[in-house]
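# Survey of secondary and tertiary structure
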Amino acid sequence: SNCVPATTPAPSPTSIGGSAPLTWGFSAGRGSLSYIYQKRWVKLDADYLRYFDSEKDTYSKGLIPVSSISRVSSIGDQKFEVVTNNRNFVFRAENDADRNQWIRTLQQIAEERKSKAPERTSMSFATDSATEPADKSGFLELRGFKHKLFVVVVGDKVFLYKNAEDYRLGIGITYIEMNVGNVKEVDRRGFDLTTPYRIFSFSADTEQEKEEWVEAMQQSIAEALSNSEVAERIWAAESNRFCADCGSPKPDWASINLCVVICKRCAGEHRGLGPGITKVRSLKMDRKVWTEELIEALCAAVTTSDLAETQALLFCGASVTCDTGDPQCPTPLALAERSGQRLQMEFLLHNKTSEPPRLEMVCSEEKHYSVHLPSITHNGFLYKTPSMVKPITERKGPEEFSRRWCTLQDGVLSYYENDRNTVPNGEIRVEEIVCLVNNPLHAHGFESTFEVYTEADRLYLFGLESPDSAREWLKSIAKSFVHPCAEELVALDFERLGRLHYKGGLTLERAQEGWFALVGSTLHVCSEDGRRQEPLQLRKLQELSIQGDHEVLVLVERRRTLYIQGERKLDFLGWVHAIQKAAGSAGDTLSEQQLTESDVPLLVDRCIDYITQCGLTSEGIYRKSGQNSKTTSLLEVLQRDARRVCLKEGEHQVDDVANTLKRFFRDLGDGLFTRRWAPDWLWATALEDEEAKIGKYRQLLAALPPVNRATLKALINHLFRVQCFSGENQMNTHNLAIVFGPTLFQTDGKDYKAGRVVEDLISHYVEIFNVNDQEMKKQQDEITAIMKMREASSSGTQQAGDFICTVYLEEKKTETEQHVKIPATMTAEELTFEILDRRKIVMKEKDYWSCFEVNEREEAERPLHYSEKVLPILHCLGTDSYLVVKKQMSMENMLIYLASRVGDCKHGMMKFREERNLLGLGLSTGFHDRYFILNHSWLRLYKEVRSHKPEKEWPVRNLKVYLGVKKKLRPPTCWGFTVFYENEKHEKQQWYLCCDTQADLREWFATFLQVQNGGALWPSERPKMRVARPQQDARLGNISLIPLRGNESEMRNSVAAFATDPLTLLRNV
């Protein structure tokens, strides 16, 4: 900013003049009026000339846009005049020198603005106002002002004007930068905009209007706080500093398939063309879409000849999916990939679904786009609410809907005041629709309602009195916006239908667009190439979670994992809630529960597993009652989402879990045997011939629904196992039948036939359920293993806390694996000796054998310090990690470096990249040069060598440093680290560092190891004989007691459980 001094060399207030009756402001004409001057502090920057009461004030008393200044001239007596399009302002400085400096500065800035201002196009404002299009404008009361002010929300600022006329002229009071603002609702009509310098207390006319203002200001704050890194990098190219359409400076939007940057105003025009022509994204807020390749494409579009040629061909009508004639690379995209043309690939990917331009013969020789629109038509009256930008959380009453005549024609859904009007109140282009939702009956004030979501993150709610009419509208809209490759999804009785970006299968390198339909608890998926995938049974998911700052929904089945990306916030939140609800238990029948892969309710499976591990020998199991309150609480948690519940010994009592299982079966809506077939099961007990009775049981078993049949088999299998330990638990077949008969048949216990059915099922378990020899042998092995472990535990030969883990020698192969018992005190050095001794490998003097933790997913490894305890590492190992013993080739060089250096501090430049999204779906920030200092306590990051204050710092003790960086990140060098950080709140971060040379890598890594382990990297003297440890129990063979499948939490839980009770072995026999 420029502040001209009035009378002294130091900046001081300047004088401002106005017309006679005003204390500040302007004159409408020169005339002969005398002027009254008041002291004001005046600031001039590139955009505004502002005046303040004093130099300490943050918010001005008035502002004049520099773009509106047409002339600046001297009028004598230290005065000068600023002439705008509509008003004249007279200023007086302390002396002629100050006045002349003001005039020169104002003239220079005004001329610069004029020279950069392009000629106005048809897409420019019709007025001469230089202001941006407003996001929200209108009158509000502001505490401290007698009259209402005209308030305008524009981008990341809020402007205050005296009236609408001043807004049109651009003459304002002040503006508020929203990067320091916070909005808070105060009462029914009032809200506060709080900044560190002042609180602005506004009041709207109605409660609805207040909510709209609050929402507009919150969006302005979000834009102000958005990441400008992408915008700055793209603006670095001179051609990207102005809007490609109208020439406005600093355009913060872009068409990612046309590779041009545009201003906010022109972005609205582009949206009107539809995503088939131009895909509009924000440079500041749509962080997930801006990959390194896309940023480079925008920066290099005008300088890279091959990319420019591709753009020219595509815009002339060439097809992205045309046949190349090469069977190995059938499309241009495949050719670009084979040739390593990353920018070409990115450009072709973003134009894969673009509408090709059609060249038509018209009067002039101009070429126009002709978009192929669907031919679906439909019309009728609908009830409609105003569009929304937030999810619907409350029921909408009939009074909130308005009756509108709606038509679906030529790819546009239009709504009119009535069926006689020709001008619509509004319209929705079908190509902008991203999701269609069929709400449950009576969800709102009308019997049937449906929701329409658009790319602009807006939600439209429609209602009808007739469900049949609603279905017709839904089918018509679905057919008009769903791509032909997914038209079979339209025929489904869907609850939610739309398009989302996802990763899955073998295409994890990049996200692809797919069509999704939710029908009950089944999610149907159709990929962008038209292939319909096997539907996901949501109640059978092994994992359902949200990762990456609520941007990715992860669905894990037994055979595949799907990552659904939240490209748009509004419809993604709807999908998340709908999928979470569909994946949970929906009622009190077996088929409505969360299920395992084998169709057994997850609740039943969890309880049976826990009792198998911890309660088979518990005296009176299932006969003793647990605490009623704990049983009720546990049952509620399991029924809400059994997938998230992990039953642990110590936290849950065996009798409470057993009681929970019994209560679940007693409270089942239709019972385990079903009301239809339960009488037949009871009647079968009267048959005297055993073979006839078993045959009848098998016949009735086949008649049960699949889920009931699978659940009954799992339960009887469990009870068969329980009675095998009747010598310890006192629960033989008869006693179990007495307990479970009335429970499963939901009787009062007086009918002995219920118990007889259960007793028969346990006694004839093998015959009735067709258990083959292999299944029976597995069950007998499990029982034998439990008995052996019990004997070992009672005799004291099994050491508490010992685990058997698979460790590899030199590389991960079946022939190199060793199963080692890991006591709680074993160190990495002792484990290394154990493996080498088994293979009879003699360690030579310069052989630096070490134990490594290898993380396959991150493509990185970490040599364990020789004194590091192995057992805690096993607790944290994921399914994609393992231990391997091999030579540490760089150890000698690291020891030489540490012996020769002075001090324990290391500093220098490294290339840094922060992982903001663990699934790789978010913004790729790339690698940037940063200056690092590592001492015995902290690792500090500085933007550059000259920086005094670190951008980030981390305590060294909380860092885990791995050698290697995964290739998909395209590291700039092959000498890199992957670093994990976890603070005291268990919040995790991950980032990557790359060095310029291998020597740098060794030096940094040696310093990390030294400061984290108290100085010693290698034992000064290797023991000639290692400490003798108890020999491995031969009875255990090579069984791994740590599960090699399942997710990370399951592995940790298994390890922790086994530390307390050796029965955990049973799960892996």
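The protein chain goes by ArfGAP with RhoGAP domain, ankyrin repeat and PH domain 1 in an unreviewed UniProt entry, where it is assigned to Catharus ustulatus. Recorded in UniProt under Subcellular location (unreviewed entry), the annotation for the protein chain is "Cytoplasm".

Time to look at the packing of helix α17 (residues 706-723) against helix α20 (residues 752-763). Close contact between α17 and α20 brings their axes to 9 Å; oriented N to C, the two are set at 75°. It follows that α17 is roughly perpendicular to α20 by the angle criterion. Every residue of α20 that contacts α17 at Leu712, Ile716, Leu719, Phe720 and Gln723 is listed here: Val758, Leu761 and Ile762. Classifying every residue of the contact of α17 with α20 gives seven nonpolar, one polar and no charged.

On to the pairing of strand β27 (residues 522-527). In terms of burial, β27 is largely enclosed, as six of its six residues are buried. Here strand β26 (residues 512-519) pairs with β27 via six bridges, running antiparallel. Residue pairing across strands places Val519 opposite Thr522, the latter belonging to β27. Hairpin remark: β26 followed by β27, antiparallel, with two residues in the connecting loop; positive phi at Gly520, about 60°. Across two bridges, β27 lies against strand β28 (residues 536-537) in antiparallel orientation.

Locating Cys994 in the fold gives a position in strand β43 (residues 988-994). Owing to a relative accessible area of 1%, Cys994 belongs among the buried residues under this scheme. In this structure the C-alpha to C-alpha distance between Cys994 and Thr973, which are 21 residues apart in sequence, comes to 6.3 Å. When sequence neighbours within four positions are dropped, the list of residues in contact with Cys994 reads Met910, Lys911, Phe927, Val965, Pro971, Pro972, Thr973, Trp975 and Gly976.

Taken as a whole and assessed by the stated rule, the structure comprises 35 aromatic pairs. Aromatic pair Tyr48 and Phe159: ring centres 6.1 Å apart, planes at 50°, arrangement tilted. With a gap of 111 residues between them, Tyr48 in strand β3 (residues 48-52) and Phe159 in strand β10 (residues 157-161) connect regions that are remote in the sequence. Summarising the burial analysis for this pair, Tyr48 and Phe159 share the class buried. An angle of 25° between the planes, with centres 4.1 Å apart, marks the rings of Trp954 and Trp991 as stacked. A residue pair is termed long-range when its members are at least 10 positions apart, and Trp954 in strand β40 (residues 952-955) and Trp991 in strand β43 qualify at 37 residues. The structure contains a cluster of three or more aromatic residues connected by ring pairs, namely Tyr48, Phe139, Phe150, Phe159, Tyr161, Tyr167 and Tyr175.

The next point concerns the sheet that holds strand β16 (residues 260-262). Strand order across the open sheet formed by three strands is β16-β15-β17, with antiparallel pairing between neighbours. Each edge of the sheet is formed by a strand with only one pairing partner; in this case those strands are β16 and β17 (280-282). When the angles between neighbouring strand axes are averaged without regard to direction, this sheet yields 35°. As paired elements, strand β15 (residues 253-255) and β17 share three bridges and run antiparallel to each other. Looking at the pairing, Trp253 lines up with Ser282 of β17.

Turning to the environment of Arg676, a few remarks are in order. Among the structural elements, Arg676 can be located in helix α15 (residues 674-684). We classify Arg676 as exposed; its relative accessible area is 54%.

We now examine the nonpolar core. Tyr622, Phe673, Trp681 and Leu712 are the most contacted members of the largest nonpolar core, which has 65 residues in total. Excluding residues within four positions of it along the chain, Tyr622 makes contact with Ile611, Ala658, Leu661, Lys662, His718, Leu719, Val722, Leu736, Val739 and Phe740.

A word on the packing of helix α12 (residues 602-614) against helix α14 (residues 654-666). Between α12 and α14, the least distance of the axes is 10 Å, while the angle of their chain directions is 150°. Judged on the interaxial angle alone, α14 and α12 are roughly antiparallel. For α12 against α14, the interelement crossing comes out left-handed. Packed against α12, whose contacting residues are Leu603, Val604, Cys607, Ile608, Tyr610, Ile611 and Cys614, the element α14 presents Val654, Val657, Ala658, Thr660, Leu661, Phe664 and Phe665 at the interface. By residue class, the composition of the contact of α12 with α14 is 13 nonpolar, one polar and no charged.

Its place among the elements puts Thr174 in strand β11 (residues 174-177). Looking at Thr174, the relative accessible area reads 4%, which means it is buried. Setting aside chain neighbours within four positions, we find Thr174 in contact with Tyr59, Ser60, Leu63, Val158, Phe159 and Leu160.

Taking 1.5 Å of rise per residue, 13 residues should cover 18 Å, and helix α19 (residues 733-745) covers 17 Å from first to last C-alpha, within 8% of that figure. Taken as a whole, α19 carries its principal kink of about 30° at Val739; the proline Pro742 stands between one and four residues after it. For α19, the buried fraction is high: ten of the 13 residues fall into the buried class. Where α19 is concerned, the buried positions are Thr733, Leu736, Ala737, Val739, Phe740, Gly741, Pro742, Thr743, Leu744 and Phe745. Tucked into the core, α19 has its buried residues touching α14, α15, α17 and α20.

Analysis parameters
- Each chain carries its own residue numbering, running from 1 in the direction its sequence is written.
- Reporting of local features is limited, given that this is a predicted model, to residues whose pLDDT is at least 70; pairs of side-chain atoms are given and counted only at 80 or more, and all residues count toward the totals for whole chains, interfaces and linings.
- Side-chain metrics rest on all non-hydrogen atoms present in the structure, leaving aside hydrogens and water.
- UniProt positions are given in the numbering used here, feature names are shortened, and annotations may be inferred rather than shown by experiment.
- What counts as an axis is a line fitted to C-alpha atoms, over the stretch in contact for a helix, and the angles between N-to-C directions run from 0 to 180 degrees.
- Only DSSP runs of H or I covering at least 4 residues are called helices, and only runs of E covering at least 2 are called strands; the numbering of each starts at the N terminus.
- We call two directions roughly parallel when the angle between them is under 35 degrees, roughly antiparallel when it is over 145, roughly perpendicular when it lies between 65 and 115, and oblique otherwise.
- In this description, contact between two residues means that some pair of their heavy atoms is separated by no more than 4.5 Å.
- For this classification, Asp, Glu, Lys and Arg are treated as charged, while Ala, Val, Leu, Ile, Met, Phe, Trp, Tyr, Cys and Pro are nonpolar and the rest, including Gly, are polar.
- With a 1.4 Å probe rolled over the protein chains alone, any residue whose accessible area is under 20% of its type maximum counts as buried; one over 50% counts as exposed, and the rest are partly exposed.
- One requirement defines pairing of two strands: DSSP has to find at least two bridges between them.
- The criterion for an aromatic pair is that two Phe, Tyr or Trp rings (for Trp, the six-membered ring) have centres within 6.5 Å, with stacked assigned to planes under 30 degrees apart, edge-to-face to planes over 60 apart and tilted to the rest.
- Definition of nonpolar core: a set of buried residues of the types Ala, Val, Leu, Ile, Met, Phe, Trp, Tyr and Cys, connected through side-chain atoms within 4.5 Å.
- Working rule for handedness: look at the near helix, and if it is turned counterclockwise from the far one by less than a right angle, call the crossing left-handed; if clockwise, right-handed.
- Multiply 1.5 Å by the residue count of a helix minus one, and that product is the helix's expected span.
- The bend at a residue is defined as the angle formed between two axes, one fitted to the seven residues ending at that residue and one fitted to the seven starting there.

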